[in-house]
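# Fold and contact review
Listed below, chain by chain, are the residues.
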Amino acid sequence: MAVKAQVLYDFTAEPGNNELSIQQGETVIVLDQTVGGGWIEAQNSRGQTGLVPEGYLQVGGGSWSEGRAYNSTEGWDSQGSARTPHAAAEDDDEWDDEWDDQSVGGYRGDYQVDEEGGATGQSTHGPSMKISLNKFPFSKGPSAEVFLLAKPPANSRDRLPVYMGDVGPVWLYPLAPLDCVIDDPRKESKLYGLKSFIEYQITPNTTHRPVNHRYKHFDWLYERLLEKFGSSLPVPSLPDKQVTGRFEVDFIRTRMEQLQAWMTRMCRHPVISQSHVFQLFLTYTDEKEWKAGKRKAEKDETVGPMIFSLIEPEAAELDTADVEHRCELYSRFTKSMDDGVKELLNVGHTHWKRCTGPLPKEYERIGRAFRNLSSVFISSKYPGEQTLTDALTAAGQTYEEIAEIVAQQPQKDLHFLLEINGEYKGLLGCFPEIIAVHKAAVEKVKDSDRLLSAGRINNEDRKCMKHRLSCMNYALQAEMNHFHSNRIYDYNRVMQLYLERQVTFYQQIADKLRGALSQFTTL
């Protein structure tokens, strides 16, 4: 008997990924529950089949994941397909013995939803970006409230100084900016060819010595950065895992571009780029150093809100009211910018579809109409009209050429505008959690009078709480200043590129139309 499932959220399929678009409320038939990676194969009422995110279906009165308990160190404990934090159906992302699989971290699901709970596509050319459902950056380590009175880890020698610059608190930036180049993707295999994967070569500008990493290594790095800095710094998600077609040339090229953009963003951050785990990823010399560094990173105690114990501001302690005011200011700005970025992405995606779909077809129809009219004129055999019919034919060809130019243009200019907005959508999606940590700390410090009168803390504890809240706020201000400086640079650069190529685009069309015009004689 076929298993039927109710669709909980809308999901728009991404072209070329063997996905199936579904709508909230419809009923689908489950064909294959063992696809893995957060996906299942289903069939809709029209007979169309494809992959859908498993979390969007409700089977037998419960959600797909109902009855499975989440464990922060071992992932989902299921009677069905159990997962570890880094497990996936594809061989490329399985954590095997070679990887020394002792990793611990929150599981990041592969299926995604937007703010309203509706499904979205991952491609920057689709309707919108994805936000992970199962991201638990603070599942390990203490909460913000505990940090305010917690004893800092004794074995930590790292410090994160915050200096006062022209715009306020700023991070300490390295003298030589870090950068890296990802290239030379190669298909490798193990176990006598039973497991295949793509390995990328990464060359940092500091050593100029390439290191090789698979996608699962990037995923491990992301989990470590999210665990360590998720309370204080935005760590955007990696490009999603792929269920099918992961060895196709176009997919490999696109994934390499996305990984390059993600690594470049991380390299530009003065804190993340200088962290032990990030440097290890880029500069390890052999397998022994890699495994030792991996174990060290996974045993790091200064993770989550405890990262604030490393903050050393050079300025005076801030008042609680000032901290609260700045939290609200940053919360409003990031929310407004997030709305603006989403609007631009939606408009851009709609324009992309029009430029690659209906608009070229309109130009083609105009061109055919001119050519057809030219054929009619030729059939008259009227002397002296050869020049006119030739000019009409040329005009028709011109419009057909314009159709091709229009269809190719989004990849030359709109692509980059959508890519940068996709990056910022990912960054902005991290700020609500970051600001929530600060707001929780503010509320705890505001409650310190009651805690003091109840005998739960003493005066020294209260002073310590206010001092640590001040450190947290300096970190937030430094991060927002870093965000704003990058935002100004990025949008200035991408808008210049976009408009320059738009000018070239319209100039090219104008030149072709002038050429067509010159074919017609003046009577």
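Residues numbered from 1 in each chain as written. Predicted model: local features only at pLDDT ≥ 70, side-chain atom pairs only at ≥ 80, totals over all residues. Heavy atoms only, no water.

## What to know about the overall build of the protein
- Scanning the protein for helices and strands turns up twelve helices and 16 strands.
- Burial statistics for the protein: of 523 residues in total, 47% are counted as buried.
- In the protein, the share of contacts with a sequence separation of at least 24, taken over all contacts with a separation of at least 6, comes to 69%.
- By element, 52% of the accessible surface of the protein is carried by carbon and sulfur atoms, the whole surface being about 25,700 Å². (Helix = DSSP H or I, 4+ residues; strand = E, 2+ residues; numbered from the N terminus. Buried < 20%, exposed > 50% of the residue type's maximum accessible area, 1.4 Å probe, protein only. Contact = heavy atoms within 4.5 Å. Areas by Shrake-Rupley, 256 points an atom, 1.4 Å probe, with all protein chains shown as cover.)

## Side note on the pattern of salt bridges
- Scanning the entire structure with this criterion turns up 22 salt bridges.
- Ionic pairing is found between Arg 265 and Asp 490, a salt bridge with its closest N-O pair at 2.8 Å. You can see Arg 265 sitting in helix H3 (residues 249-267) and its partner Asp 490 sitting in helix H12 (residues 459-517), a full 225 residues away along the chain.
- For the salt bridge of Lys 446 with Glu 324, the shortest nitrogen-to-oxygen distance reads 3.2 Å. Of this pair, Lys 446 sits in helix H10 (residues 431-446) while Glu 324 sits in helix H6 (residues 320-356), placing them 122 residues apart in sequence.
- Judged by its relative accessible area of 43%, Lys 446 is partly exposed. (Salt bridge = Lys/Arg side-chain N within 4 Å of Asp/Glu carboxyl O.)

## Here we look at the environment of Ser 375
- Mapped onto the elements, Ser 375 comes out in helix H7 (residues 358-379).
- For Ser 375 and Thr 393, which are 18 residues apart along the polypeptide, the C-alpha to C-alpha distance reads 8.3 Å.

## Some thoughts on the packing of H10 against H12
- One can describe the packing of H10 onto H12 by two numbers: an axis separation of 10 Å at closest approach and a directional angle of 155°. Taken together, the axes of H10 and H12 are roughly antiparallel relative to one another. Handedness of the crossing formed by H10 with H12: left-handed. In contact with Phe 431, Ile 434, Val 437, His 438, Ala 441, Val 442, Lys 444 and Val 445 of H10, H12 contributes Met 465, Lys 466, Leu 469, Met 472, Asn 473, Leu 476, Met 480 and Phe 483.
- Classifying every residue of the contact of H10 with H12 gives twelve nonpolar, two polar and two charged. (Axes fitted to C-alpha atoms, helices over the stretch in contact; angles between N-to-C directions. Parallel < 35°, antiparallel > 145°, perpendicular 65-115°, else oblique. Left-handed = near helix turned anticlockwise from the far one by under 90°. Nonpolar A, V, L, I, M, F, W, Y, C, P; charged D, E, K, R; others polar.)

## Points about the environment of Phe 483
- As for its position among the elements, Phe 483 is in helix H12.
- As a C-alpha pair, Phe 483 and Leu 428 span 55 residues in sequence and 9.8 Å in three-dimensional space.
- With sequence-adjacent residues up to four places away left out, Phe 483 is seen in contact with Phe 333, Met 337, Tyr 424, Leu 427, Leu 428 and Phe 431.

## Here's the deal with the pairing of strand E14 (residues 195-204)
- Of all ten residues that make up E14, seven are buried, and the element is covered over most of its length.
- Relative to E14, strand E13 (residues 180-190) runs antiparallel, the two sharing nine bridges. Among the inter-strand pairings, Asp 183 is bridged to a residue of E14, identified as Gln 201.
- Bridging between E14 and strand E15 (residues 211-214) involves four bridges; their strand directions are antiparallel. Within E15, the position partnered with Ile 202 by the bridge is Val 211.
- Taking the residues that link successive antiparallel strands as the turn, the E14-E15 hairpin has six residues, and the phi of His 208 there is positive, at about 55°. (Pairing = 2+ DSSP bridges.)

## Observations concerning the nonpolar core
- By size, the foremost hydrophobic cluster in this structure holds 83 residues, and its most contacted members are Trp 171, Phe 218, Leu 221, Leu 225, Met 263, Phe 278 and Leu 282.
- Among the elements that take part in this core, H12 stands out by supplying 13 residues, more than any other.
- Ignoring any residue separated from it by four or fewer positions in sequence, one finds Met 263 in contact with Cys 180, Ile 182, Phe 218, Leu 221, Phe 278, Phe 281 and Leu 282. (Core = buried A, V, L, I, M, F, W, Y, C linked by side-chain atoms within 4.5 Å.)

## Quick notes on the packing of aromatic side chains
- Tallied over the entire structure, the rule returns 13 aromatic pairs.
- Over the face of the ring belonging to Phe 247 we find Lys 187, whose NZ or CZ atom lies 4.3 Å from the ring centre.
- For the cation-ring pair, Arg 255 lies above Tyr 215, with the distance from its terminal atom to the ring centre recorded as 4.0 Å. (Phe/Tyr/Trp six-rings, centres within 6.5 Å; stacked < 30°, edge-to-face > 60°. Lys NZ or Arg CZ within 6 Å of the ring centre and 35° of its normal.)

## Looking at H12
- The terminal C-alpha atoms of H12 lie 85 Å apart, and with 59 residues this matches the ideal 87 Å at 1.5 Å per residue to within 8%.
- The opening residue of H12, the one whose side-chain oxygen lies 3.1 Å from the backbone nitrogen of Glu 460, is Asn 458. (Expected span 1.5 Å × (residues − 1). Polar contact = N/O pair within 3.5 Å; in protein donor to acceptor, adjacent residues only side chain to side chain.)

## Here's the deal with the confidence of the model for the protein
- Residues with a pLDDT of 70 or more make up 80% of the protein, whose mean pLDDT is 81.
- Every residue in residues 62-142 scores below 50 in pLDDT, and together they form 223 contacts with partners more than four places removed in sequence or on other chains. (pLDDT = per-residue confidence, 0-100.)

## What about the sheet that holds strand E16 (residues 311-313)?
- With mixed pairing, three strands are arranged side by side in an open sheet as E12-E11-E16. The sheet is open, and its two borders are formed by strand E12 (168-171) and E16, each paired with just one other strand. Strand after strand, the sheet turns through a mean of 35° between neighbouring axes, direction not considered.
- Across three bridges, the pairing between strand E11 (residues 160-165) and E16 is parallel. In the strand pairing of E16, Leu 160 is matched with Ile 311.
- Lying on the sheet, H12 is in contact with E11, E12 and E16; it crosses E12 at an angle near 80°.

## What to know about the packing of H6 against helix H9 (residues 414-428)
- Where H6 meets H9, the axes come as close as 9 Å, and the angle between the chain directions of the two elements is 150°. Our classification of the angle between H6 and H9 gives roughly antiparallel. Here H6 and H9 pass one another in a crossing that is left-handed. Side by side, H6 and H9 meet where Thr 334, Met 337, Asp 338, Val 341, Lys 342, Leu 344, Leu 345, Gly 348, His 349, His 351 and Trp 352 of the first sit next to Leu 414, His 415, Leu 418, Asn 421, Gly 422, Tyr 424, Lys 425 and Leu 428 of the second.
- Here the contact of H6 with H9 is built from residues that sort into nine nonpolar, seven polar and three charged.

## Describing the sheet that holds E15
- Spatially, three strands are ordered E13-E14-E15 in an open sheet, and the strand pairing comes out antiparallel. A strand with exactly one partner marks an edge of an open sheet, and here the two such strands are E13 and E15. Taken pair by pair, the neighbouring strands of this sheet meet at an average axis angle of 30°, ignoring direction.
- Across the sheet, H3 lies against E13 and E14, angled at about 135° from E13, the strand it touches most.

## Here's the deal with H7
- Here H7 spans 32 Å end to end across 22 residues, near enough to the 32 Å set by a 1.5 Å rise per residue.
- By the burial criterion, the buried members of H7 are Leu 359, Pro 360, Gly 367 and Ser 374. Each buried residue of H7 sits inside an arc of 110° when the element is viewed along its axis, so together they form one side. Away from its buried face, by an angle of more than 90 degrees, H7 presents the exposed residues Val 376 and Ser 379.
- The secondary structure elements touched by the buried residues of H7 are H6 and helix H8 (386-412). (Arc of directions from axis to C-beta.)

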